[in-house]
Amino acid sequence: MGKRYSCISEWSWIFSEGVGTLYGAHLKGEDPQITTLHSAKPFFYFLEDNKIVSHKVAGAFGPGTAMFYEKDFNPKESWGEDWTPPPYKEHFGKISPIKSEKPIIVINNKYNPEWLAKIPKNFLPLDFLKEFLDKFSDEYQIYYMRYDSDQDNSGYFDDVPSAEEYADYNLLKNYPNVITIYDFMKKHNIGFNESQLLIMSKAKHIISVNGGSAVLSAYFGEDVVIYGHPDCKSTTRGVWFSDSWLKEMSGANIIGHLHWAQMLNDCEERWL
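Counting starts from 1 at the beginning of each chain's written sequence and moves along it residue by residue. Where totals are concerned, whole chains, interfaces and linings use all residues; where local detail is concerned, this predicted model gives features only for residues with pLDDT of at least 70, and gives and counts side-chain atom pairs only at 80 or more. Side-chain measures were taken over the full set of non-hydrogen atoms in the model, leaving aside hydrogen atoms and water.

## Structural notes on the pattern of salt bridges
Salt bridge criterion: a side-chain nitrogen from Lys or Arg within 4 Å of a carboxyl oxygen from Asp or Glu. Enumeration over the complete set of coordinates arrives at 11 salt bridges. Residue Lys 28 pairs with Asp 82 through a salt bridge whose shortest N-O separation is 3.1 Å. In this pair, Lys 28 sits in the loop between helix H1 (11-27) and strand E2 (33-37) while Asp 82 sits in the loop between helix H2 (75-79) and helix H3 (88-95), placing the two residues 54 residues apart along the sequence. For Asp 82, a relative accessible area of 39% gives the class partly exposed. Salt bridges here are not isolated pairs; linked through shared partners, they connect Lys 28, Glu 30 and Asp 82. Only DSSP runs of H or I with at least four residues qualify as helices, and only runs of E with at least two residues qualify as strands; both kinds are numbered from the N terminus onward. Under the scheme applied here, a residue whose accessible area is under 20% of the maximum for its type counts as buried, over 50% as exposed, and between as partly exposed, the area being computed with a 1.4 Å probe on protein chains only.

As structure tokens, then:
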């Protein structure tokens, strides 16, 4: 039996240290085994099922992982020379059922309390979504992803608080050409986490809120735009800034923004 690894931290570390370490070990022929969150299986697609041991509760951070938040963090120095991001875009792009005549933009949003706040702060607001869809939905096929506790969430993340009520899906009723992750899940009978990978594998560009979803988004897209609310405690971390080390995931352009109106203008200049 190969070496055993454990990665039960928050998703930012599973998407970076965890999958990169295990993929590097896999490439070396080590036949590794990983103990990780039970819904993380799609992210370790390169391992046989019996090499993935389920763990239901997210654990604490490991020692030294705070360096992850630095803009110029070097993953190979901290996690070893064998650390290698798995080729998610290539692998899932080959098996994705998506066919689109238009280039695809994925909006990767969230709406849940963080940092002991009583209400969510760090999310793409409705005003941004409306203006963005008005500008881009003719030229692009838009896919929208956000966890909604009122919908089918099979295979979803384990360590994220339940989402608060938010009117984004009501807004999307005015944009019938926008495809949500729940539309995709229902049509193809695929769980939430695998659906994310299959959708983003076809993305030309991605907009994400900072956090674990931004780390995962960095594996896909030519431009990956990361939004952080200026009042959110995590926003000042360099990892979410433009040209941060997240570009190591796939070579994507990492573009950070703190104000949604400026972000909208930047996207318009780059993509239209």
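Moving on from the model shown.
## Brief notes about the packing of helix H4 (residues 126-136) against helix H9 (residues 260-271)
One way to put it is that H4 packs onto H9 with a least axis distance of 10 Å and a crossing angle of 15 degrees. Relative to H9, the element H4 lies roughly parallel. Crossing angle aside, the handedness with which H4 passes H9 is right-handed. In this structure, H4 contributes Asp 127, Phe 128, Glu 131, Phe 132, Lys 135 and Phe 136 to the contact, and H9 contributes Trp 260, Met 263, Leu 264, Cys 267, Glu 268 and Trp 271. Residue type decides the class: Asp, Glu, Lys and Arg count as charged, Ala, Val, Leu, Ile, Met, Phe, Trp, Tyr, Cys and Pro as nonpolar, and the leftover types, Gly among them, as polar. Of the residues contributing to the contact of H4 with H9, the split by class is 8 nonpolar, no polar and 4 charged. Axis definition: a line fitted to C-alpha atoms, limited for helices to the stretch in contact. Angles are taken between N-to-C directions and run from 0 to 180 degrees. For classification purposes, angles smaller than 35 degrees are called roughly parallel, those larger than 145 roughly antiparallel, those between 65 and 115 roughly perpendicular, and all remaining angles oblique. Handedness of a crossing follows from how the near helix is turned relative to the far one, being left-handed for an anticlockwise turn of less than a right angle and right-handed for a clockwise one. Contact criterion: two residues are considered in contact whenever any of their non-hydrogen atoms come within 4.5 Å of each other.

## Observations regarding the sheet that holds E2
For sheets, the rule is that strands pair by backbone hydrogen bonds, running either parallel or antiparallel. DSSP-based pairing: two strands are paired if at least 2 bridges between them are found. Taken together, 3 strands build an open sheet; the order of strands is E1-E2-E3 and the sheet is parallel. Whereas interior strands pair on both sides, the edge strands pair on one side only; in this sheet they are strand E1 (4-7) and strand E3 (52-55). Recorded for the sheet is a direction-independent mean angle of 20 degrees between the axes of neighbouring strands. Sheet analysis places E1 next to E2, joined by 4 bridges and oriented parallel. Across the sheet, residue Arg 4 finds its bridge partner in E2, namely Gln 33. Packing of H1 onto the sheet brings it into contact with E1 and E2, and relative to E1 it is tilted by some 165 degrees.

## Overview of the nonpolar core
Within this scheme, the nonpolar core is defined by two criteria: the residues are buried Ala, Val, Leu, Ile, Met, Phe, Trp, Tyr or Cys, and they are joined through side-chain atoms within 4.5 Å. Phe 43, Phe 44, Phe 132 and Leu 246 are the most contacted members of the largest nonpolar core, which totals 87 residues. It is H1 that contributes the most residues to this core, 8 residues altogether. In this structure Phe 132 touches Ile 105, Ile 107, Ser 137, Ile 142, Ile 207, Leu 264, Cys 267 and Trp 271, once residues within four positions along its chain are discounted.

## A look at the environment of Asp 231
If you trace the backbone, Asp 231 turns up in the loop between strand E8 (223-227) and strand E9 (253-257). With 191 residues separating them along the chain, Asp 231 and Ala 40 place their C-alpha atoms 30 Å apart.

## Re the packing of aromatic side chains
Pairing of aromatic side chains here covers Phe, Tyr and the six-membered ring of Trp, requires ring centres within 6.5 Å, and sorts the geometry by plane angle: under 30 degrees stacked, over 60 edge-to-face, intermediate tilted. The final tally for this structure, using the stated rule, is 31 aromatic pairs. Note on Phe 128 and Phe 132: the rings are 5.6 Å apart at their centroids and 35 degrees apart in plane angle, and the pair reads as tilted. Placement of both Phe 128 and Phe 132 in helix H4 is noted, with a separation of 4 residues, approximately one turn of the helix. One exposure class covers both Phe 128 and Phe 132, and it is buried. Aromatic rings pair up to connect Tyr 23, Phe 44, Tyr 45, Phe 46, Tyr 88, Phe 92, Tyr 219 and Phe 220 into one cluster.

## A look at the sheet that holds strand E4 (residues 104-108)
Spatial strand order, E6-E5-E4-E7-E8-E9: 6 strands in an open sheet with parallel pairing. Among the strands making up the open sheet, the edge pair consists of strand E6 (179-180) and E9. Examined bridge by bridge, E4 and strand E5 (residues 141-145) share 5 bridges and lie parallel to one another. What sits directly across from Asn 108, in E5, is Met 145. This element, H4, spans E4, E5 and strand E7 (205-209) of the sheet and lies at about 175 degrees to E4.

## Description of the side chain of Lys 110
Here Lys 110 shows up in the loop between E4 and H4. Under the relative-accessibility criterion, Lys 110 is labelled buried at 14%. Within polar-contact distance, the side chain of Lys 110 engages the backbone oxygen of Asn 210 at 2.8 Å. Sequence-distant contacts of Lys 110, defined by excluding residues within four places in its chain, comprise Asn 122, Phe 123, Arg 146, Val 209, Asn 210 and Gly 211. Polar contact is defined as a pair of N or O atoms within 3.5 Å, subject to the rule that within protein one atom must be able to donate a hydrogen and the other to accept it, and that residues adjacent in sequence are counted only when both atoms are side-chain atoms.

## Focus on the side chain of Ser 244
Positionally, Ser 244 belongs in the loop between E8 and E9. Assessed through its relative accessible area of 0%, Ser 244 is described here as buried. A polar atom in the side chain of Ser 244 sits 2.7 Å from the backbone oxygen of Val 239. Filtering out sequence-adjacent residues up to four positions away, Ser 244 remains in contact with Lys 71, Gly 238, Val 239 and Ile 254.

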